Amino acid sequence: MIAVGGGKGGVGKSFVAANLALALARRKGAADRVVAVDLDFGGSHLNLLLGEPFPRPELGACLDGRAPDPTPTPQPTRVGSLRYVSGSFDMVTAVDPTRDRKLDLVRAMVGLDARFVVLDLPAGSAAATLDFFFLGDLKLMVMNPEETAFSNAYGFLKNYLLRRLLTEFRDRPDIVTFILGYYREQAPENGLDRSVTALATALGDRHPELRATLDGIVRDDTPLLVLNRARGRREAA
C-alpha cells in the first residue's frame, strides 16, 4: 500500500498518485492489479486525472449511508489492470468519518483485491488523514519549492510522527501525558527545541527501555519526499 500525502493543497498529491497508479498498472509484462483510492471526502478529483468523469458510487455515499453497500467497490478504468475508488465532490454534505466508519474503511482498504493500492490523501493534518497515511507501507510526502509548502509539509510530518507516538503508546497514560505536556509547556520564545526528534530524545531519557522503539519510529516511519514543480536544480537543492 502506497500513501500519498502532504500538508498543503494544490502541490500535486493527486497528480503524483494518479501517475504512480498508471505507471504501476502499465508496467511492461506486469499483470498486477492496481487500485487508486481517493480519500478526499469533500473535494476529490482523482477520477478526473484517471479520465473517469462520472464515478459511481462515491466513497462519501458509502460513509453517510446513501450507497446501499457501505463497502466501497473499485470501479474500472480504461487501463485494464487499474481500478479506482472515488472520494466525494460535495463540500456541503462532506462527512468526517467516525471512528467506527474509519475502521470499516481501513478494513476495506486492506482487504482490496490488488497487488498495489495507492491512497490519495486530502490536504491538511486532520486525524483521519494522518491515520490513513499510517496505512502506507511506502509513504510519499508531496510538496512544492515554495515557503508555504515547506511550512505545511513540516507541519504535516511533525503532526504525523506525533500522532504515531501517541498511537504507539496509547496504553501508557504516563507517556501520553508526557508527550502532550512537552508541547504545552515548552515555550518557543525561550529557544527550546519543539521538534519530534527532541521529544523522542527527552522521552528516551526518561524511559530508556523505549529508546529502540522511538528510534525505529523516527528513523524508519518517516516518508519519502517528492518535490513537484521544481524548475531547476536550484529549487530542488
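Scope of this entry: the structure provided in the associated data block. Bear in mind that the values here come from a model prediction, so they are computed numbers and not experimental data.

## Quick look at the overall build of the chain
Logical step 1: When you go through the chain residue by residue, the secondary structure sums to 10 helices and seven strands.
Logical step 2: At a minimum sequence separation of 6, the contacts of the chain that also span at least 24 residues come to 74%.
Logical step 3: Total accessible area on the chain is roughly 12600 Å²; 53% of this is exposed by carbon and sulfur atoms.

## Topic: the packing of aromatic side chains
Logical step 1: In this structure the tally under the stated criterion is three aromatic pairs.
Logical step 2: Taken together, a centroid distance of 5.0 Å and an interplanar angle of 75 degrees make the contact between phenylalanine 133 and phenylalanine 156 edge-to-face. In this pair, phenylalanine 133 sits in helix α5 (residues 127-134) while phenylalanine 156 sits in helix α6 (residues 147-168), placing the two residues 23 residues apart along the sequence. Phenylalanine 156 carries the same exposure label as phenylalanine 133, and that label is buried.
Logical step 3: Ring centres of phenylalanine 133 and tyrosine 160 lie 5.2 Å apart, and the angle between their planes is 90 degrees; on these two criteria the pair is classed as edge-to-face. Of this pair, phenylalanine 133 sits in helix α5 while tyrosine 160 is found in helix α6, placing the two residues 27 residues apart along the sequence. With respect to class, phenylalanine 133 is no different from tyrosine 160; both count as buried.
Logical step 4: Taken together, the ring pairs connect Phe133, Phe156 and Tyr160 into an aromatic cluster.

## So, the sheet that holds strand β4 (residues 82-85)
Logical step 1: Strand order in the open sheet formed by seven strands is β3-β4-β2-β5-β1-β6-β7, with mixed pairing between adjacent strands. Lying at the two open borders of the sheet, with one neighbouring strand each, are β3 (75-76) and β7 (224-227).
Logical step 2: Pairing geometry for strand β1 (residues 2-5) and strand β6 (residues 138-143), over four bridges, is parallel. If you follow isoleucine 2 over to β6, its bridge partner there is leucine 138.
Logical step 3: Relative to β6, α6 is tilted by about 155 degrees, and along the sheet it contacts β1 and β6.

## Some words on the packing of helix α7 (residues 173-185) against helix α8 (residues 196-206)
Each pair of packed helices gets described by two things: the angle between the helix axes and the distance between those axes.
Logical step 1: One way to put it is that α7 packs onto α8 with a least axis distance of 11 Å and a crossing angle of 135 degrees. Looking at the two axes, α7 sits oblique to α8. Here the hand of the crossing between α7 and α8 comes out right-handed. Across from Ile175, Phe178, Ile179, Tyr182 and Tyr183 in α7, the residues of α8 making contact are Val196, Ala198, Leu199, Ala202, Leu203 and Arg206.
Logical step 2: Residues that form the contact of α7 with α8 fall into these classes: 10 nonpolar, no polar and one charged.

## Regarding the nonpolar core
Logical step 1: Core analysis: the biggest nonpolar cluster contains 43 residues, and Val37, Leu39, Leu119, Phe132, Leu165 and Leu199 have the highest contact counts within it.
Logical step 2: When residues in this core are grouped by element, the largest group, six residues, is from α6.
Logical step 3: With near-sequence residues (within four places) excluded, valine 37 lies in contact with Leu46, Val85, Met109, Leu112, Val117, Val118, Leu119 and Asp120.
Logical step 4: Core analysis: the second largest hydrophobic core is formed by 22 residues, Val4, Ala18, Phe116 and Leu140 among them.

## Some details on the pairing of β6
Logical step 1: The buried count for β6 comes to five of six residues, which makes it a mostly enclosed element.
Logical step 2: Strand direction decides the pairing type here: β6 and β7, joined by four bridges, are parallel. By the bridge assignment for β7, methionine 143 is matched with leucine 227.

## Quick look at the environment of lysine 13
Logical step 1: Take lysine 13: it is sitting in helix α1 (residues 13-25).
Logical step 2: For lysine 13, a relative accessible area of 6% puts it in the buried group.
Logical step 3: Taking the C-alpha atoms as reference, lysine 13 lies 6.8 Å from aspartate 120; in sequence the two are 107 residues apart.
Logical step 4: If sequence neighbours within four positions are ignored, lysine 13 has contacts with Val4, Gly5, Gly6, Lys8, Asp120, Leu121, Pro122, Ala123 and Val142.
Logical step 5: A distance of 2.9 Å separates a polar side-chain atom of lysine 13 from the backbone oxygen of lysine 8.

The rules behind each value
- Residues numbered from 1 in each chain as written.
- Predicted model: local features only at pLDDT ≥ 70, side-chain atom pairs only at ≥ 80, totals over all residues.
- Heavy atoms only, no water.
- Helix = DSSP H or I, 4+ residues; strand = E, 2+ residues; numbered from the N terminus.
- Contact = heavy atoms within 4.5 Å.
- Areas by Shrake-Rupley, 256 points an atom, 1.4 Å probe, with all protein chains shown as cover.
- Phe/Tyr/Trp six-rings, centres within 6.5 Å; stacked < 30°, edge-to-face > 60°.
- Buried < 20%, exposed > 50% of the residue type's maximum accessible area, 1.4 Å probe, protein only.
- Pairing = 2+ DSSP bridges.
- Axes fitted to C-alpha atoms, helices over the stretch in contact; angles between N-to-C directions.
- Parallel < 35°, antiparallel > 145°, perpendicular 65-115°, else oblique.
- Left-handed = near helix turned anticlockwise from the far one by under 90°.
- Nonpolar A, V, L, I, M, F, W, Y, C, P; charged D, E, K, R; others polar.
- Core = buried A, V, L, I, M, F, W, Y, C linked by side-chain atoms within 4.5 Å.
- Polar contact = N/O pair within 3.5 Å; in protein donor to acceptor, adjacent residues only side chain to side chain.

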